Protein chains: 6
Amino acid sequence: MNLKFGLPKGSLQESTLSLMQRAGFQFTVSKRNYFVDCDDPEMEGVLLRAQEMARYVENGVLDAGLTGRDWIEESGCDVKDVCELVYGKSGFRPVRWVVAVPDDSPVKKVEDLQSKRIATEAVNITRAFLKERGIEAEVEFSWGATEVKAPYLVDAIVELTETGSSLRANNLRIVDTIMESTTRLIANRKSYEDKEKRGKIDTIATLLQGAINARNRVGLKFNIQKKQIDTLLPLLSALKNPTISPLVNSKWAALEIIVEEQFVRKVIPKLKEHGATDIIEYPLNKVIF
Amino acid sequence: MNLKFGLPKGSLQESTLSLMQRAGFQFTVSKRNYFVDCDDPEMEGVLLRAQEMARYVENGVLDAGLTGRDWIEESGCDVKDVCELVYGKSGFRPVRWVVAVPDDSPVKKVEDLQSKRIATEAVNITRAFLKERGIEAEVEFSWGATEVKAPYLVDAIVELTETGSSLRANNLRIVDTIMESTTRLIANRKSYEDKEKRGKIDTIATLLQGAINARNRVGLKFNIQKKQIDTLLPLLSALKNPTISPLVNSKWAALEIIVEEQFVRKVIPKLKEHGATDIIEYPLNKVIF
Amino acid sequence: MNLKFGLPKGSLQESTLSLMQRAGFQFTVSKRNYFVDCDDPEMEGVLLRAQEMARYVENGVLDAGLTGRDWIEESGCDVKDVCELVYGKSGFRPVRWVVAVPDDSPVKKVEDLQSKRIATEAVNITRAFLKERGIEAEVEFSWGATEVKAPYLVDAIVELTETGSSLRANNLRIVDTIMESTTRLIANRKSYEDKEKRGKIDTIATLLQGAINARNRVGLKFNIQKKQIDTLLPLLSALKNPTISPLVNSKWAALEIIVEEQFVRKVIPKLKEHGATDIIEYPLNKVIF
Amino acid sequence: MNLKFGLPKGSLQESTLSLMQRAGFQFTVSKRNYFVDCDDPEMEGVLLRAQEMARYVENGVLDAGLTGRDWIEESGCDVKDVCELVYGKSGFRPVRWVVAVPDDSPVKKVEDLQSKRIATEAVNITRAFLKERGIEAEVEFSWGATEVKAPYLVDAIVELTETGSSLRANNLRIVDTIMESTTRLIANRKSYEDKEKRGKIDTIATLLQGAINARNRVGLKFNIQKKQIDTLLPLLSALKNPTISPLVNSKWAALEIIVEEQFVRKVIPKLKEHGATDIIEYPLNKVIF
Amino acid sequence: MNLKFGLPKGSLQESTLSLMQRAGFQFTVSKRNYFVDCDDPEMEGVLLRAQEMARYVENGVLDAGLTGRDWIEESGCDVKDVCELVYGKSGFRPVRWVVAVPDDSPVKKVEDLQSKRIATEAVNITRAFLKERGIEAEVEFSWGATEVKAPYLVDAIVELTETGSSLRANNLRIVDTIMESTTRLIANRKSYEDKEKRGKIDTIATLLQGAINARNRVGLKFNIQKKQIDTLLPLLSALKNPTISPLVNSKWAALEIIVEEQFVRKVIPKLKEHGATDIIEYPLNKVIF
Amino acid sequence: MNLKFGLPKGSLQESTLSLMQRAGFQFTVSKRNYFVDCDDPEMEGVLLRAQEMARYVENGVLDAGLTGRDWIEESGCDVKDVCELVYGKSGFRPVRWVVAVPDDSPVKKVEDLQSKRIATEAVNITRAFLKERGIEAEVEFSWGATEVKAPYLVDAIVELTETGSSLRANNLRIVDTIMESTTRLIANRKSYEDKEKRGKIDTIATLLQGAINARNRVGLKFNIQKKQIDTLLPLLSALKNPTISPLVNSKWAALEIIVEEQFVRKVIPKLKEHGATDIIEYPLNKVIF
């Protein structure tokens, strides 16, 4: 088996390769090639712009790939959406495509865009959104730096935003949200019917989810008197499956739990109150529930 | 007067701002804005992708701007082509759009592209070129990194090249040239009919040409006996208008000539043969013939 | 609760944020603000120069903060010194304020400074030190680069040193030590009387100490025949609380110990002599005894 | 003679050393020393913070030095102010010390600062300014990053600004200007009475002014028919002393003028209207009128 | 004991120090010295070119050191080859010295080198190789950039290669392999007879091997129903010594295994099929079998 | 004609290519090749280590090249030494090969090296020097970082030095100077007999000297009353051939002189004393006397 796997080139490239590495797939990028070697002999990576990913997954050049829900819809391509990949802090957090206008624009709601000029990188999504609402407007393709085009070059823009800070910095006001988008693992429909390839793609999904699960979690291990366990456990009730091992000293047990990193500062004082000793915390690469 | 002047954002930005500075216009770019302050109160700069320049010059948002002949044609816009700006070594040298295929492709001439798939950033130019030759092919927009797409993703590409080295590095072979392109100073037709604005635009053209002329030229100054001048001058005949000034010692004169930097190594041995002394070479900012 | 927590800006900033992160508090610094977001909703960070920390903890603008014992005394402010934070190699090791003079200065002891001129960033500490010994000298505030000021600009300096190497490099000789200083977690006295805030501050202290404890320690885990344990354990007697777990094979046990990193190279040969197998070493984020 | 010359260490260091080099003095900075070698055997450089410069010029450790008018006044020292050094674009442009408050502060004019807390690096200037207006306020020394201290830590700040952009970025509003300041060449009063040292200091002043004059000026040289000179010259009347040289062809002359770089775009069209040919523009190192 | 230990300076320096650190020895390199401090008081590091290592180990200046088998042979020195250090991906993988000629050279086999000129950094190895085959050729020492010397400056080169890509990029063809080489821990023969030093050197070897073993391995820990263990274990049969601990719930056990990183993606699906829960993966610093 | 011209690769590469450019020859270095394109079609550059230059000029692979006198002698090759290229401040200043020993070594003079061990990159020069003085010592080739080898690895070193500062930083004392060396333009003896090639090589020499002459020189131009010239000229007597041009105002003349940059600070006060006006200083590319 040689699974062709598409990786988004450009701004998401580094964080994607890092996630794939934590998932267990090491890619070696060379400068002048779409193809990236993978240490898994059953896979080959292909670096492509996220915008073009669905096109090449649909026509079978790729078996699977990572891209955003937004670009899947913009392309209009028919692909299998295997799973969603979302996680907090940074990385593949959900993004929104919004209609934005200058702070002092008379446009208050999306219906006010009738007969206006709009610049965007996502022409199809935008046109579909407007058509559904019966709005006629001139939507033009923007080659980049869209957010500084209003009001001088166009009346409104449709642009990607995470926190809205870049829009505010350009004195733009959000009028409406066209869509929310998250990263997806997508597959070619025919490849996904092939039993062997489907198994591979599902394993990748499991490992990617495992890496994402581990990102903000740590392991805690500690010794505790057995008589304390009963009162301690309810305090840890939010946690799944603490591992309890007997120790040579039969009054004591070893506990090992997986917790969210931010929760450690709550847990440790409780552990100490219950007389826990030798508490250690260690990093995790993957957590698969 | 407030002339809105478009500057190409991106890969040509730095060399363009540097050329404008040598021409006498200092722009101060801020991070989040299309508008760039100019130390000339009669002008305001606007940073735009070269691909979008003609669009905004045509519709009057800009009075004038710098972009390539290729993007003017790709846009299909109607603008005044004020002058061509070409110079050697690096910078705005002519570039070519070529059809390229993998080294081992069966495609030998452009007619072989019938029914093939072609990726390019210049969809319109490419389609016009093929139509003129009666070739039907699927031309798809490429979001970048076009040169690594053949043969895996498409059969051929249409891509920009200066020296061809990037194509060779990707094992691509040039089949045909679609167009050559150089940088142009373009103007909105209505602005160019306005007498004041036309005067300003023509002055910018003069100063830009002056800066380009100076780029590979230097000044040479030397003392020489008057009786030698007549035999020396024909040897320098390719040069325009040497300035000959008398010296206090009436048998000698001071000559000052402007020569191309590469020509200095030919000129200096001739000067020494004719007894020239105190030869100095100095740098130039502008040369206006 | 919203605990305002002061972090030292400048040279200690990076190592402090890194320590806080290992302790479990992730701060996100933005460029133009004193305030730094924390992933703990109960806390807010404030970046301040170490010199000014005690001032703002004393007047209640901050509830707590990290700074040096030296700057607390220099400021003359009244704050609660919650705990000391010291650890080896690099980072918050103890520093000394010393009186230094040029190698060839006639000044041999601190009493020789009578009527001399002294430059320092710590004017108050220096004056107090001299006054206590009945020495009158002109102490002037130095805006930086103090160590190169003697002997040309002043007779002596009072400067911070860790290893003395920077003083030696400037051909300075240490005459006396004014004070030793370590990093402290300090709190506003009123905040520390508030039960909830005191609990929070004490948890931070515990976690910081936990992170420091883990810095040069690692976990070792290995399998060993039960009959070997009795002879092995005394060799590990310096170590606290080895964790011994029974294994399915009843002649063997699993041992897990926490050791100083530098001690590993001593321990491992001993373990092998006792027939230990499957030895692993893994990193630690925190150790709370 | 061995003139001790103070150079400002820190943010102004690079631009000052570059200016001194264009003036003809090459300093070689070593890492660990106040003293900087100069290629002029009659001079020795000393790197000092601008804040401390006047102190050491006053007490004779230095003969002369470069610092701002602001720090001279803040220090209260008595030194000879030899000349002002101002030039445009970047570098030693005039700076202002302003009183600034948060955008939404109730403070509207400087009198509203009564009983408020103010942070500044220039404590003495600020106190003098307030005292003159009968305002009593608490002025505290800020160790840096002053502009982010209001309103959280203090009510107002007194801070240096060039364009005001850093203040605006911190949402601060300027209430009043305390002083404008430019760079000065200052001398020790006694050194300046010494004839030899005074001659040296005055030459330094001449060369520094020469280098500053050249910064935004260029040389223009062109050939023109003599009969055109009389009508052309008045158009160039703002310029001092054009150099007019005869050419061998007696109907023509060579003119050489020094103009401000920004003025070139006005001059060249006029030259062309008068039939000037072979116009060249060349760079300058120094201009001494 | 003070063991003098040689570390290769230059291209291998960073990866060697990183390996030593993972092995448990932290060296602190200063700029101007061969000697590098070690946090192990029994050792002192000495930075030397790999080419010179064997020379100084042989003559007793060093007790031990790291270098390549190739440079040991090139030097002709007599040292104890304690152990080989090889591992995958990057780092100290085996390298080859090959004879290479231009693609279009008439030289097809090594015998065709008769009377030719050959450039190499490894003059002795090359001469020995040729002599053994009765070939006479002029072998000249190359000071670097050997691979671009053929065919212009010499007929053939003898050069180090890992993947051959640099040779291909220079249009060179490999004719023969002179030797394969790996990194070695070498010792002075006399030092290695000293019981204490030999013990130390062997411990270093053990720790280095331990670090190398851990490089591509991770720990996996999970809970599983005891009844599943029997069917699971054979699937993990390639793995050595899984650690099985009883848990409080007597139907379940805790398993802990050490696997190659690349193997994890095979193991995890199998574990899930067998109902394993709470699977975690964690990094390792050392694995000593 | 196709002149093969050798350029020193490595530490001198950048300054050499910059000097060649100022001389009028623009080379374009590609990464993987000895050959460097030149904008002069009559020349081709070849990048080689300075140590190997003479070897390839002697055997005719190169027609000419740039290297140091030291490496010519070390190689023992027979080449034509066309001219010396020396200039001040930085760049190709003279360098010295010195014998250096640790500060506290018993070696006081070169004769004390009898039977000692010496490390150097210049084995032949060193051996010749010692032999001439009847000293027998073991001279071993050093692969780099020679200056840190004494006293630990060898008794003395022979090393290149410009200012001696690197030796002092390593606590080494200079015992003797073996040779001084400057950069040379060398030519193959047969190429230099070819009339055409000799002409080309001599032109290169002239242009290189012209660029070196201009490096620390500037042009000064000023207007002065004719009656002042006679008293002024003797004060400028060190300068060659001032150019004196008449002005339209017949009482005044324009003078143009070429002076060393460091001399400007002496000349300008004298010019002002003689009533010179409109003094300008401008930069130079070449000066050929």
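Residues numbered from 1 in each chain as written. Chains lettered and ligands numbered in written order. Predicted model: local features only at pLDDT ≥ 70, side-chain atom pairs only at ≥ 80, totals over all residues. Heavy atoms only, no water.

Q: Lay out the overall build of chain A with the relevant residues and their values.
A: The secondary structure content of chain A amounts to nine helices and 17 strands. Computed over the C-alpha atoms, the radius of gyration of chain A is 24 Å, more than 25% above the 19 Å expected from 2.2 N^0.38 for a compact globule of 289 residues. Taking the principal axes of its C-alpha atoms as reference, chain A extends roughly 80 × 50 × 35 Å. The buried share among the 289 residues of chain A stands at 54%. In chain A, 69% of the contacts between residues at least 6 apart in sequence involve partners at least 24 apart. (Helix = DSSP H or I, 4+ residues; strand = E, 2+ residues; numbered from the N terminus. Rg over C-alpha atoms; globule rule 2.2 N^0.38 Å. Buried < 20%, exposed > 50% of the residue type's maximum accessible area, 1.4 Å probe, protein only. Contact = heavy atoms within 4.5 Å.)

Q: Tell me about the interface of chain D and chain F, and please be specific about residues and values.
A: Taken together, the 27 residues of chain D in the interface contact 22 residues of chain F. Between chain D and chain F, roughly 2000 Å² of surface is buried when both sides are summed, and carbon and sulfur atoms account for 53% of that area. Of all residues in chain D, N285, K286 and I288 of chain D bury the most surface against chain F, accounting for 26% of the area lost on that side. The interface formed by chain D and chain F includes five salt bridges. Between E281 of chain F and K286 of chain D there is a salt bridge whose closest N-O contact spans 2.3 Å. Our count for the contact surface shared by chain D and chain F stands at 10 residue pairs in polar contact (both at pLDDT 80 or more). Those elements giving two or more residues to the side of chain D that touches chain F turn out to be α7 (195–215), β14 (243–246), β15 (252–260), β16 (277–283) and β17 (286–288) of chain D. Take the side of chain D that touches chain F: its biggest share by element is four residues, from β14 of chain D. For β17 of chain D and strand β16 (residues 277–283) of chain F, the ladder comprises three bridges, and the chain directions are antiparallel. Of the residues in β16 of chain F, the one forming a bridge with V287 of chain D is I280 of chain F. (Buried area = accessible area lost by both parts, 1.4 Å probe. Salt bridge = Lys/Arg side-chain N within 4 Å of Asp/Glu carboxyl O. Polar contact = N/O pair within 3.5 Å; in protein donor to acceptor, adjacent residues only side chain to side chain. Pairing = 2+ DSSP bridges.)

Q: How would you sum up the sheet that holds β16 of chain F? Please name residues and give values.
A: An order of β17(D)-β16(F)-β13(F)-β15(F)-β14(F) is seen for the five strands of this open sheet, with the pairing classed as antiparallel. The outermost strands of the open sheet, each flanked by one partner alone, are β17 of chain D together with β14 (243–246) of chain F. Along the sheet, successive strands turn relative to each other by an average axial angle of 15 degrees, direction set aside. Taken together, the nine bridges between strand β13 (residues 217–225) of chain F and strand β15 (residues 252–260) of chain F define a ladder with antiparallel strand orientation. The partner of R217 of chain F across the bridge, within β15 of chain F, is E260 of chain F. (Axes fitted to C-alpha atoms, helices over the stretch in contact; angles between N-to-C directions.)

Q: Please give an account of the sheet that holds strand β2 (residues 27–28) of chain D that cites residues and values.
A: All names here are of chain D. As summarised here, the arrangement of the seven strands in space is β2-β3-β4-β1-β5-β12-β6, forming an open sheet in which the pairing is mixed. The two strands at the open ends of the sheet, each matched to only one other strand, are β2 and β6 (80–85). Pairing of strand β1 (residues 3–9) with strand β4 (residues 43–49) involves seven bridges; the strand directions are parallel. Pairing of P8 across the sheet is with L48, part of β4. Strand contacts of helix α2 (residues 50–58): β1, β4, β5 (64–68) and β12 (183–187), with the helix running at about 130 degrees to β4, the strand carrying the most contacts. Of the strands in this sheet, β1, β4, β5, β6 and β12 are in contact with α7, which crosses β6 at around 15 degrees.

Q: Can you tell me about the pattern of salt bridges, naming the residues and giving the values?
A: On inspection of all chains with the given rule, the structure shows 100 salt bridges over all chains. In this structure, E140 of chain E engages R55 of chain F in a salt bridge whose closest nitrogen and oxygen atoms are separated by 3.0 Å. Residue E140 of chain E is found in strand β9 (residues 138–141), and its partner R55 of chain F is found in helix α2 (residues 50–58); the two belong to separate chains. A relative accessible area of 9% means that E140 of chain E is categorised as buried. Given a relative accessible area of 22%, R55 of chain F falls into the partly exposed group.

Q: Lay out the side chain of T120 of chain D in plain terms, naming residues and giving numbers.
A: Within the secondary structure layout, T120 of chain D lies in strand β8 (residues 117–120). If sequence neighbours within four positions are ignored, T120 of chain D has contacts with W97, T126, V139, E140, F141, S142, T146 and V158 of chain D.

Q: I'd like a rundown of the arrangement of the chains, residues and numbers included.
A: The closest approach of any C-alpha atom in chain B to one in chain C is 15 Å; the two make no contact. Without any contact between them, chain A and chain F keep their closest C-alpha atoms 15 Å apart.

Q: Go over the packing of helix α1 (residues 13–23) of chain B against helix α7 (residues 195–215) of chain B, please, and point to the residues and values.
A: Residue and element names in this part refer to chain B. Closest axis-to-axis distance for the α1/α7 pair is 8 Å, and the angle between their directions is 100 degrees. Classified by the interaxial angle, the pair formed by α1 and α7 is roughly perpendicular. Facing α1, whose interface residues are L19, M20, R22 and A23, α7 presents L207, L208, A211, I212 and R215. Its residues placed into classes, the contact of α1 with α7 shows seven nonpolar, no polar and two charged. (Parallel < 35°, antiparallel > 145°, perpendicular 65-115°, else oblique. Nonpolar A, V, L, I, M, F, W, Y, C, P; charged D, E, K, R; others polar.)

Q: Describe the relation of the copies chain B and chain A, naming the residues involved and giving the relevant values.
A: Screw-axis analysis of chain B against chain A gives a translation of 0.1 Å along the axis, an RMSD of 0.5 Å, and a rotation angle of 180 degrees. Both copies of the chain, as the preceding transformation shows, are related through a two-fold rotation axis. Scanning chain B for the C-alpha nearest the rotation axis identifies W143 of chain B, at a separation of 4.8 Å. Take the interface residues of chain B: 100% of them recur as interface residues in chain A, which is what a same-surface contact looks like. (Least-squares fit on C-alpha atoms with pLDDT ≥ 70 in both.)

Q: Give a detailed account of α7 of chain D, specifying residues and quantitative values.
A: Compared with an ideal rise of 1.5 Å per residue, which puts 21 residues at 30 Å, α7 of chain D spans 31 Å between its outermost C-alpha atoms and is within 8% of the ideal. Where α7 of chain D starts, the residue carrying a side-chain oxygen 3.0 Å from the main-chain nitrogen of E196 of chain D turns out to be D194 of chain D. (Expected span 1.5 Å × (residues − 1).)

Q: Give me the lowdown on unusual backbone geometry, citing residues and values where you can.
A: Backbone torsion omega between A150 of chain A and P151 of chain A reads 5 degrees, so that peptide bond is classified as cis. When you line up the elements, P151 of chain A lands in the loop between β9 (138–141) and β10 (156–161). Positive phi values are uncommon outside glycine, yet D278 of chain B reaches one of about 50 degrees. D278 of chain B gets classed as buried once you look at its relative accessible area, which sits at 14%. Backbone geometry places S115 of chain C, a non-glycine residue, at a positive phi of 70 degrees. By the secondary structure assignment, S115 of chain C is in the loop between β7 (95–102) and β8 (117–120). With a relative accessible area of 65%, S115 of chain C lands in the exposed category.

Q: Before we move on, could you go through the pairing of strand β4 (residues 43–49) of chain F and cite the residues and values that matter?
A: The two faces of the sheet receive side chains in turn, since in a regular strand these alternate between them. Residue and element names in this part refer to chain F. With respect to burial, β4 is a largely interior element, six of its seven residues being buried. For strand β3 (residues 35–38) and β4, the ladder comprises two bridges, and the chain directions are antiparallel. Looking across to β4, one finds that F35 is bridged to V46. Linkage of β3 to β4, two consecutive antiparallel strands, is achieved through a turn of four residues.

Q: Go over the interface of chain B and chain A with me, naming the residues and quoting the values.
A: Each partner contributes residues to the interface: chain B has 33 residues there, and chain A has 33 residues. Here chain B meets chain A over a buried area of about 2900 Å², counting both sides, of which 59% is carbon and sulfur. Across the chain B-chain A interface, the total number found is four salt bridges. On the surface where chain B and chain A come into contact, there are 14 residue pairs in polar contact (both at pLDDT 80 or more). Within the residue set of the side of chain B that touches chain A, elements represented by two or more residues are β1 (3–9), β4 (43–49), α2 (50–58), β9 (138–141) and α5 (165–169) of chain B. Here the side of chain B that touches chain A gets four residues from one element, more than from any other, and that element is α2 of chain B. Classifying every residue of the side of chain B that touches chain A by side-chain character gives 15 nonpolar, seven polar and 11 charged.

Q: Tell me what's going on with the confidence of the model for chain A, and back it up with residues and numbers.
A: Residue and element names in this part refer to chain A. Per-residue confidence for chain A gives a mean pLDDT of 87; residues scoring 70 or more make up 93%. Ranking the elements of chain A by mean pLDDT puts strand β14 (residues 243–246) last with 71 and helix α6 (residues 189–193) first with 97. Scored as a complex, the prediction yields pTM 0.75 and ipTM 0.81. (pLDDT = per-residue confidence, 0-100.)

Q: An account of the environment of W97 of chain D is needed here, citing residue identities and associated values.
A: All names here are of chain D. Here W97 shows up in strand β7 (residues 95–102). Look at W97 and you get buried, because its relative accessible area is 1%. As a C-alpha pair, W97 and R69 span 28 residues in sequence and 11 Å in three-dimensional space. One polar contact links W97 to D70, side chain to side chain, over a distance of 2.8 Å.

Q: Let's hear about the relation of the copies chain D and chain F: which residues, and what values?
A: For the pair chain D and chain F, the relating rotation is 121 degrees, the translation along its axis is 0.0 Å, and the fit reaches an RMSD of 0.1 Å. With respect to symmetry, the two chain copies, as superposed, fit the operation of a three-fold axis. In this assembly the copies use different faces: only 15% of the residues contributing to the interface of chain D also contribute to that of chain F.

Q: A description of the packing of aromatic side chains should follow, citing residues and the corresponding values.
A: Ring pairs (aromatic) are described by centroid distance and by the angle formed between their planes. Across all of its chains, the model carries 36 aromatic pairs over all chains by this definition. Measuring from centroid to centroid gives 5.6 Å for F141 of chain C and W143 of chain D, while their planes differ by 85 degrees, and the two rings are edge-to-face. Placement of F141 of chain C in strand β9 (residues 138–141) and of W143 of chain D in the loop between β9 (138–141) and β10 (156–161) is noted, with the two residues assigned to different chains. The buried category is assigned to W143 of chain D, whose relative accessible area is 16%. For the pair W71 of chain D and W97 of chain D, a centre-to-centre distance of 5.6 Å together with 85 degrees between the ring planes defines the contact as edge-to-face. Of this pair, W71 of chain D sits in helix α3 (residues 69–75) while W97 of chain D is found in strand β7, placing the two residues 26 residues apart along the sequence. (Phe/Tyr/Trp six-rings, centres within 6.5 Å; stacked < 30°, edge-to-face > 60°.)

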